[in-house]
Amino acid sequence: MEKIRARFGYNVEAVKLRKRKSQLYDKEDASHLNNGVLRANVALFSVAFRLVNCFLVQTSFVPDEYWQSLEVSHNMVFKYPFGESNCDYILQCFTYGHLTWEWKAGIRGFSYPLFFAFIYKILHFISYDSVYLLIWLPRIIQALLAAFADVKFYLLIQTLEPPEVAKWTFFSHLCSWFTWYCCTRTMTNTMETTLTSLALFYYPLPGSKIHSSKKYLTLVALAVIVRPTALIVWLPLLAYHFWQEDDKLRLITHDCMPIGALTLVISTSIDSLLYEKWTLVQLNFLKFNVFHGLAEFYGSHPWHWYFTQGFAVVIGPHLPLFLHGCTLAAKRYRILLVAIVWTIMVYSLLAHKEFRFIYPVLPFCMVFCGISLANLKTWRRAAAYGLLVTNLVPALYTGLIHQRGTLDVMSHLQTLCDISSISNRPQPDVLFLMPCHSTPFYSHIHCPIRMRSLECLPDLGQEDYVDEAQRFFDYPLHWLKISFPYKSSLPTHLVFFDVLEKEVSLFLEGNNFVRRAKIFHTHFPEGRVGGNIFIYERH
């Protein structure tokens, strides 16, 4: 080529190509960078948001957030038993950590409390086991797990939908008053919901590019270990995955069976070791709560309760957006809607119903709410402000005011720990005359003072059985007279709701009990639960 150019008189020079940067690569690099920054910002915001969430929830919800987690963990790590020789045969004598009847019947698994027990053991080992850390550190960890699930939830929607839809779905999720109320509590339902959100991230929804059968099945298995009823939520999703899977045999033999068998063996080994006998918790749970119907002992509702009340309360102000989003959502989200309806229908067949039971389907609902908000062009800003305000009020009220007395009373009683170290003063002996498990126990006191409460074992087949709490509330004065025939057997402190004060006033006056504290509990007293809690001390 150079010879030809020379023949025609062209100057032979080296060809110089102008360096040009590819705009395509520039855009891709910028896109990756922007996505990375966005994800980091979402993660930091989620962590900060859930930590604030954690410290702004200072109320109690249900007894299980203590009696199925922190109390069990405290019992596992801190054991300073009292002598049982002085215990009245009617009242149960507690050790420095107490297990309810469910843990003696083998219907609760130790895997979830073991998680907090490990934290408690570390704190104890480094001599930092203060009552404040025992209360707040498990909740902070639960808040961080919730933040991690929030981020994964956002990233899932980001891969399936345009950025606008992902943004409004995340906004809807963070606005939920019920999620705010529950996600930092140490309940099995909270961990079940967190694991469900994480599993959804890896679930093979149509169009998802981040799915992993092994990862999502592992998370589902962990959710079932924490709370066996998690299987209810996932049954339609598992069935849908199996139906859509091309290699069904491989899915069963390489994923489902190994993961299911391994998690069952590990959980059964943990439970059998701690129960000190061979125990299959999942079978016992099914037998007691479904076949024997013992859950009805703790209350029952009509079959339509979730449809007429429960679901509307849990989803709250999001309900119109949810219904609107159901009409707009793509076909791939139908399986989530099926899971929501299925879960509510199955729980409706059970007599015992609670708001928290359907909490795991709330993240599914937020997908439809986000789609609705993203499609509201004219009214979007007004709807967003309305959603924020209408959720903020119940979130702050239920988190800071409603049912806070049962936690505040434990802070008052914790001061008795200082008295117990003084040898020349009567050792504290606290009796709780309240509905069963109204308050937490040693996990919120963390010192070996004597505390007793009314028992409420369910009817396990005894003829004409009436639990101790019922016998007390039927005839309070008679029960007290029989239980404490001598002055020397009386407790030093009584704790009860204000609605009981009039009925036991003769006993209080006759035994020199004086009111030492009045603690606000709720603006909505109901039945045996009063608006205030009283602490009486004997002189």
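Criteria and cut-off values
- Residues numbered from 1 in each chain as written.
- Predicted model: local features only at pLDDT ≥ 70, side-chain atom pairs only at ≥ 80, totals over all residues.
- Heavy atoms only, no water.
- Helix = DSSP H or I, 4+ residues; strand = E, 2+ residues; numbered from the N terminus.
- Buried < 20%, exposed > 50% of the residue type's maximum accessible area, 1.4 Å probe, protein only.
- Contact = heavy atoms within 4.5 Å.
- Areas by Shrake-Rupley, 256 points an atom, 1.4 Å probe, with all protein chains shown as cover.
- Phe/Tyr/Trp six-rings, centres within 6.5 Å; stacked < 30°, edge-to-face > 60°.
- Salt bridge = Lys/Arg side-chain N within 4 Å of Asp/Glu carboxyl O.
- Expected span 1.5 Å × (residues − 1).
- Bend = angle between axes of the 7 residues up to and from the residue.
- Disulfide = S-S within 2.5 Å.

Student: Looking at this structure, how should I read the overall build of the protein chain?
Tutor: Check the secondary structure of the protein chain and you find 23 helices and five strands. Of all 539 residues assigned to the protein chain, the portion counted as buried reaches 51%. Considering only residue pairs separated by 6 or more positions, the protein chain has 75% of its internal contacts joining residues 24 or more positions apart. When the accessible surface of the protein chain is totalled, it reaches about 27,200 Å², and 62% of it is carbon and sulfur.

Student: Explain the environment of leucine 336 here, please?
Tutor: Along the polypeptide, leucine 336 turns up in helix α16 (residues 334-348). Note on leucine 336: relative accessible area 0%, which makes it buried. Taking C-alpha positions, leucine 336 is 9.7 Å from valine 233, a pair spaced 103 residues apart along the chain. The contact partners of leucine 336, leaving out residues within four places of it in the chain, are Leu200, Leu237, Phe364, Val367 and Phe368.

Student: Even after reading the chapter, I still don't get the packing of aromatic side chains, so can you show me in this structure?
Tutor: Two measures describe an aromatic ring pair: the distance that separates the ring centres and the angle between the ring planes. As enumerated under the stated definition, the model contains 38 aromatic pairs in all. The interplanar angle of 50° and the centroid separation of 5.4 Å between the aromatic rings of tryptophan 67 and phenylalanine 441 together place this pair among those described as tilted. Of the two residues, tryptophan 67 is situated in helix α3 (residues 64-77) and phenylalanine 441 in the loop between β1 (429-432) and β2 (450-453); the sequence distance between them amounts to 374 residues. Its relative accessible area of 3% is what places tryptophan 67 among the buried residues. Residue phenylalanine 441 is classed as buried on the basis of its relative accessible area, which comes to 1%.

Student: Got a minute to help me understand the pattern of salt bridges in this structure?
Tutor: Two side chains that carry opposite charge are able to pair once their charged atoms sit near each other. By the definition in use, this model includes 14 salt bridges. Ionic pairing is found between lysine 167 and glutamate 164, a salt bridge with its closest N-O pair at 3.7 Å. Taken together, the residues span about one helical turn, with lysine 167 and glutamate 164 both in helix α7 (residues 163-175) at a distance of three residues. Judged by relative accessible area, lysine 167 falls into the partly exposed class, the value being 43%. Its salt-bridge partner being aspartate 429, residue arginine 452 comes within 3.0 Å of it at the nearest N-O pair. Linking arginine 452 in strand β2 with aspartate 429 in strand β1, this pair joins segments that are 23 residues apart in sequence. A single burial state applies to arginine 452 and to aspartate 429, both of which are buried. Overlapping salt bridges bring together Asp64, Glu354 and Arg356 as one network.

Student: Honestly, helix α11 (residues 230-244) in this entry has me stumped. Any pointers?
Tutor: Residues spaced three or four apart along an α-helix point in a common direction, a consequence of the helix completing one turn every 3.6 residues. The end-to-end C-alpha distance of α11, which contains 15 residues, comes to 22 Å, matching closely the 21 Å that a straight helix rising 1.5 Å per residue would cover. Helix geometry: α11 is bent most strongly at proline 236, by close to 30°. Listing the buried residues of α11 in full gives Ala230, Ile232, Val233, Trp234, Pro236, Leu237 and His241. Looking at the buried side of α11, the elements it contacts are α9 (188-202), α10 (213-226), α12 (248-275), α16 and α17 (362-375).

Student: Looking at this model, I keep getting lost on unusual backbone geometry. Mind explaining?
Tutor: Keep in mind that most residues, glycine aside, have a negative phi and that most peptide bonds are trans. In this structure, serine 127 is a non-glycine residue whose phi angle is positive, near 60°. Following the sequence through the fold, serine 127 ends up in the loop between α5 (111-125) and α6 (131-160). A relative accessible area of 60% places serine 127 in the exposed class.

Student: What is the right way to read the state of the cysteines from this model?
Tutor: Think of a disulfide as a covalent bridge from one cysteine sulfur atom to another cysteine sulfur atom. Following the criterion strictly, the structure yields two disulfides and no others. There is a disulfide in this structure between cysteine 436 and cysteine 456, and the S-S distance comes to 2.3 Å. Of this pair, cysteine 436 sits in the loop between β1 and β2 while cysteine 456 is found in the loop between β2 and α21 (468-474), placing the two residues 20 residues apart along the sequence. Residues cysteine 436 and cysteine 456 agree in their burial class; the two are buried.

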